[in-house]
Amino acid sequence: MRGVSVIGVGITPFGVRAESLVALGAIACRDALEDAGLGPERIEAFFLGNFAGQAFTGQNHIAPMVAHAAGLGAVPCTRLEGACASGGLAMRQGVLAVASGQVDFALIAGVEKMTCAETDQTASILAAAGDVAVEASVGSTFPALFGLIARRHMHEHGTTREEIAHVAVKNHAHGKLNPNAHMQKDVTLPQVMDARPVAEPLGLFDCSLISDGAAAVVLCPSETASAHHEKPVEVLASAQASDSPALSDKRDITSFHATQKAGEEAFSQAGLSREDVDLAEIHDCFTMAEIIALEDLGFFAKGEGGRGAVEGMTKLGGAMPVNTSGGLKSKGHPVGATGVAQIHELTLQLRGEAGARQVPGAEVGLAHNLGGSGATCAVHILGATA
Amino acid sequence: METFVCAGCGRIYLEGAERCGHCGAEMEQRQASGRGVVYSFSSVHMGAQGMPTPYLLALVELEEGGRILARLADDASEPSIGDKVVFSGLSDTGPVFRIL
Ligand SMILES: [Zn+2]
């Protein structure tokens with residue numbers, strides 16, 4: 001397998017967007033191709049992350065549609081679905097296609113259009129990322145599953161409601177600095193704690209945003225990357241793992257086994273330790289999910305992930321800033337786009353192009369993308385070129 | 001409480017079927033006490049499409065082992081983890097337990 005690097009990234013602003021599902025994808029693709037200085041005819045394979053195009057917009061089979069709209073021609077187009085990790089799976093397939101020597105130039109995109117649906121309809125569409133037969137059928141939604149998880153984490157590990165709420169305060173403070181974020185404003189601790197309850201103990205500000213948006217990435221072999229971009233970013237690891245989504249199937253609901261496995265595999269591929277990571281984009285579909293991922297990835301001991309935001313380690317200026325983009329919480333969570341948008345953020349940071357939210361001297365970044373209640377996890381580690 | 005336990009994956013069902021809806025293995029019929037404890041719970045205020053809110057969801061750990069996701073009876077006050085519950089019947093939205 002050969003080394004793979006990111007030579008172009010693109011993104012649409014996240015939020016309520018007028019463009020169609022397909023147009024959003026095409027815009028991000030053109031943006032990424034322009035960043036890489038490549039014409040669409042150079043792309044040899046296209047991988048698209050999308051969770052529920054059909055359920056939200058009535059349109060399936062969107063990979064060739066986005067490719068056609070972006071002018072890619074007759075290249076193989078593949079759509080990946082892994083719930084909220086769809087984008088991470090697309091990224092990984094692109095990395096494998098280039099690493100294996102199958103293709104020299106791969107384009108990866110992720111897209112979702114969600115704001116066209118009513119809130120309760122959206123809740124039902126998203127609930128299908130869990131095990132419908134034993135969860136949605138009982139009246140479970142994603143906030144409810146993470147409510148159950150949060151309550152148990154508080155019970156077993158002493159995590160406090162306040163620690164959980166601090167994650168939202170931190171990620172909004174970061175998102176305020178991201179011009180592409182859906183909600184570019186601060187929230188206070190009392191605002192989070194006293195917000196309208198969604199699924200207790202979680203309230204409105206513990207939940208990620210329902211957004212439209214797309215992101216895209218261009219990959220090529222590392223050995224020729226510097227010919228295409230002055231600051232290529234190297235893919236140091238690309239790992240994926242799975243588990244049952246049903247909470248009733250899990251021995252422990254305060255950890256996600258798929259995150260632990262993908263994390264271990266990624267650190268082993270990269271030959272790096274946790275201390276080597278300068279910043280991370282962590283899948284904060286809910287505030288609680290960020291805390292659990294920090295523990296599962298080994299950045300904090302079990303039960304201590306809540307310290308990250310409270311004590312400032314995971315804030316901009318801290319030892320390892322987490323979700324400098326604002327995360328799913330503030331940047332927004334167009335489900336299929338999320339995993340690719342994380343790669344976009346790390347790439348800007350590792351190039352030193354993240355503006356007001358730049359982590360000074362960032363050399364290594366980790367992206368953690370989680371599908372559903374932990375059934376799919378993709379972890380990527382990227383490194384700046386010296 | 002009559003349960004149907006999958007011989008393959010161990011899932012517990014309250015309605016019988018020849019094979020497990022999850023893994024396709026054969027099911028064993030087992031009599032259970034219907035008693036268990038609250039493993040975790042959430043009061044849901046913004047719910048699934050068409051479901052009146054709020055309602056209480058609980059992950060119940062059965063006395064005989066294994067967990068199932070269920071509703072707590074409508075009149076239930078806020079429970080605590082570890083509270084004892086008992087099966088009270090099957091509704092349109094699956095199993096319902098009440099707090100003892
Ligand atoms: Zn089974």
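Trainee: For this particular structure, what's the right way to read the overall build of chain B?
Mentor: The helix and strand inventory of chain B stands at 0 helices and 8 strands. Shown N-terminal to C-terminal, the secondary structure of chain B runs as helices and strands in the order β-β-β-β-β-β-β-β. A compact globule built from 100 residues should have a C-alpha radius of gyration of about 13 Å, and chain B, at 14 Å, falls within 12% of that. Its C-alpha atoms put chain B at 35 × 30 × 20 Å along the principal axes. Within chain B, buried positions represent 49% of all 100 residues. Of the contacts formed within chain B by residues at least 6 apart in sequence, a portion of 41% connects residues at least 24 apart.

Trainee: How should helix α4 (residues 86–99) of chain A be read in this particular structure?
Mentor: Residues lying three or four places apart along an α-helix face the same way, a consequence of the helix completing one turn every 3.6 residues. All names here are of chain A. Over its 14 residues, α4 runs 20 Å from end to end, which matches the ideal 20 Å to within 8%, given 1.5 Å per residue. Along α4, 12 of the 14 residues are buried, which leaves the element largely enclosed by surrounding structure. Within the span of α4, buried status applies to Ser86, Gly87, Gly88, Leu89, Ala90, Met91, Arg92, Gly94, Val95, Ala97, Val98 and Ala99. Where α4 ends, the next residue or the one after it, Gly101, has phi of about 90°, a positive value.

Trainee: How do you make sense of the side chain of Glu135 of chain A when you look at a structure like this?
Mentor: Relative to the assigned elements, Glu135 of chain A resides in the loop between α5 (119–127) and α6 (142–157). We note that Glu135 of chain A is buried and unpaired, the nearest opposite charge coming from Arg11 of chain B at a distance of 7.1 Å. Within the structure, the side chain of Glu135 of chain A is placed 2.8 Å from the backbone nitrogen of Leu247 of chain A, a separation counted as a polar contact. Residue contacts for Glu135 of chain A: discarding those within four places in its chain leaves Gly130, Ser140, Leu145, Pro245, Ala246, Leu247 and Ser373 of chain A together with Leu69 of chain B.

Trainee: When you look at unusual backbone geometry in this model, what are you seeing that I'm missing?
Mentor: Glycine aside, residues mostly have negative phi, and peptide bonds are mostly found in the trans state. For the bond running from Glu200 of chain A to Pro201 of chain A, omega is 5°, close enough to zero to count as cis. Secondary-structure assignment places Pro201 of chain A in the loop between β5 (197–199) and β6 (202–203). With an omega dihedral of -5°, the bond running from Thr53 of chain B to Pro54 of chain B counts as a cis peptide bond. Positioned with a positive phi, His61 of chain A is a non-glycine residue whose angle comes to about 60°. Positive phi, normally seen in glycine, also occurs at Ala83 of chain A, with a value near 50°. With respect to the helices and strands, the residue Ala83 of chain A is situated in the loop between β3 (77–80) and α4. For Ala83 of chain A, a relative accessible area of 7% puts it in the buried group.

Trainee: Honestly, the sheet that holds strand β2 (residues 12–13) of chain B in this entry has me stumped. Any pointers?
Mentor: Neighbouring strands of a sheet are bound in pairs by backbone hydrogen bonds; such pairs are parallel or else antiparallel. All names here are of chain B. Pairing is antiparallel in the open sheet, where 3 strands are placed in the order β2-β1-β3. What marks the edges here is a single partner per strand, and that holds for β2 and β3 (27–31). Bridge count between strand β1 (residues 2–6) and β2: 2 bridges; the pairing is antiparallel. Its bridge partner being in β2, Phe4 is matched across the sheet by Tyr13.

Trainee: In this structure, what is going on with the interface of chain B and chain A? I would like to understand it.
Mentor: Frequently, the measure chosen for interface size is the accessible area removed from exposure when the parts meet. Contacts between chain B and chain A engage 27 residues on the former and 35 residues on the latter. Summed over both partners, the interface of chain B with chain A buries about 2600 Å², with 56% contributed by carbon and sulfur atoms. Of all residues in chain B, Arg11, Met46 and Leu69 of chain B bury the most surface against chain A, accounting for 26% of the area lost on that side. Applying the counting criterion to the chain B and chain A interface returns 3 salt bridges. Of the charged contacts, one joins Arg151 of chain A and Glu78 of chain B as a salt bridge, the two residues approaching to 3.8 Å between their closest N and O atoms. Summed over the shared surface of chain B and chain A, the result is 15 residue pairs in polar contact (both at pLDDT 80 or more). Breaking the side of chain B that touches chain A down by element, the ones donating at least two residues are β4 (35–44), β5 (55–62) and β6 (67–72) of chain B.

Trainee: Would you explain the coordination of the zinc ion in this entry?
Mentor: Geometrically, a metal with four donors at the corners of a regular tetrahedron has ideal angles of 109.5 degrees, and one with six donors at the corners of a regular octahedron has ideal angles of 90 or 180 degrees. Residue and element names in this part refer to chain B. The protein atoms that coordinate the zinc ion are Cys6 (SG), Cys9 (SG), Cys20 (SG) and Cys23 (SG), at distances spanning 2.3 Å. One way to put it: the 4 donor atoms around the zinc ion meet at angles of 98 to 116°, and that makes the site tetrahedral. All donors of the zinc ion belong to a single chain; written as a sequence motif, their spacing is C-x2-C-x10-C-x2-C. One end of the pair, Cys6, is in strand β1; the other, Cys23, is in the loop between β2 and β3, and 17 residues separate them in sequence.

Trainee: I'm lost on the domain arrangement of chain A in this one. Help?
Mentor: Residues and elements named next belong to chain A. Domain boundaries in chain A define domain 1 (4–117 + 211–232) and domain 2 (129–203 + 235–384). Between the C-alpha centres of domain 1 and domain 2 there is a distance of 22 Å. Across the contact, 44 residues belong to domain 1 and 32 residues belong to domain 2. Of all residues in domain 1, the largest losses of buried area upon contact with domain 2 belong to Phe14, Cys84 and Arg92, amounting jointly to 23% of the total for that side. On inspection of domain 1 and its partner domain 2, the count reaches 1 salt bridge. Linking domain 1 with domain 2 are 11 residue pairs in polar contact (both at pLDDT 80 or more), by the criterion used here. Secondary structure elements with two or more residues in the side of domain 1 that touches domain 2: β1 (4–11), α4, β4 (106–112) and β7 (213–221). A total of 8 residues in the side of domain 1 that touches domain 2 trace back to one element, the largest contributor, which is β1.

Trainee: For this particular structure, what's the right way to read the packing of α6 of chain A against helix α11 (residues 287–296) of chain A?
Mentor: Working note: a packed helix pair is described by the angle between its axes plus the distance between those axes. Residue and element names in this part refer to chain A. One way to put it is that α6 packs onto α11 with a least axis distance of 10 Å and a crossing angle of 60°. In terms of orientation, α6 and α11 fall into the oblique class. In the crossing of α6 with α11, the sense of the turn from one axis to the other is left-handed. Contact residues: α6 offers Phe146, Ile149, Ala150 and His153, while α11 offers Met288, Ala289, Ile291, Ile292 and Glu295. Taken together, the residues of the contact of α6 with α11 sort by class into 7 nonpolar, 1 polar and 1 charged.

Definitions and cut-offs
- Residues numbered from 1 in each chain as written.
- Chains lettered and ligands numbered in written order.
- Predicted model: local features only at pLDDT ≥ 70, side-chain atom pairs only at ≥ 80, totals over all residues.
- Heavy atoms only, no water.
- Helix = DSSP H or I, 4+ residues; strand = E, 2+ residues; numbered from the N terminus.
- Rg over C-alpha atoms; globule rule 2.2 N^0.38 Å.
- Buried < 20%, exposed > 50% of the residue type's maximum accessible area, 1.4 Å probe, protein only.
- Contact = heavy atoms within 4.5 Å.
- Expected span 1.5 Å × (residues − 1).
- Lys, Arg positive; Asp, Glu negative; His and termini not counted.
- Salt bridge = Lys/Arg side-chain N within 4 Å of Asp/Glu carboxyl O.
- Polar contact = N/O pair within 3.5 Å; in protein donor to acceptor, adjacent residues only side chain to side chain.
- Pairing = 2+ DSSP bridges.
- Buried area = accessible area lost by both parts, 1.4 Å probe.
- Donors = N, O, S within 2.8 Å, 3.2 Å for Na, K, Ca; no water.
- Tetrahedral: all angles 85-135°; square planar, octahedral: opposite > 155°, others 65-115°.
- Domains from an automatic or database assignment.
- Axes fitted to C-alpha atoms, helices over the stretch in contact; angles between N-to-C directions.
- Parallel < 35°, antiparallel > 145°, perpendicular 65-115°, else oblique.
- Left-handed = near helix turned anticlockwise from the far one by under 90°.
- Nonpolar A, V, L, I, M, F, W, Y, C, P; charged D, E, K, R; others polar.

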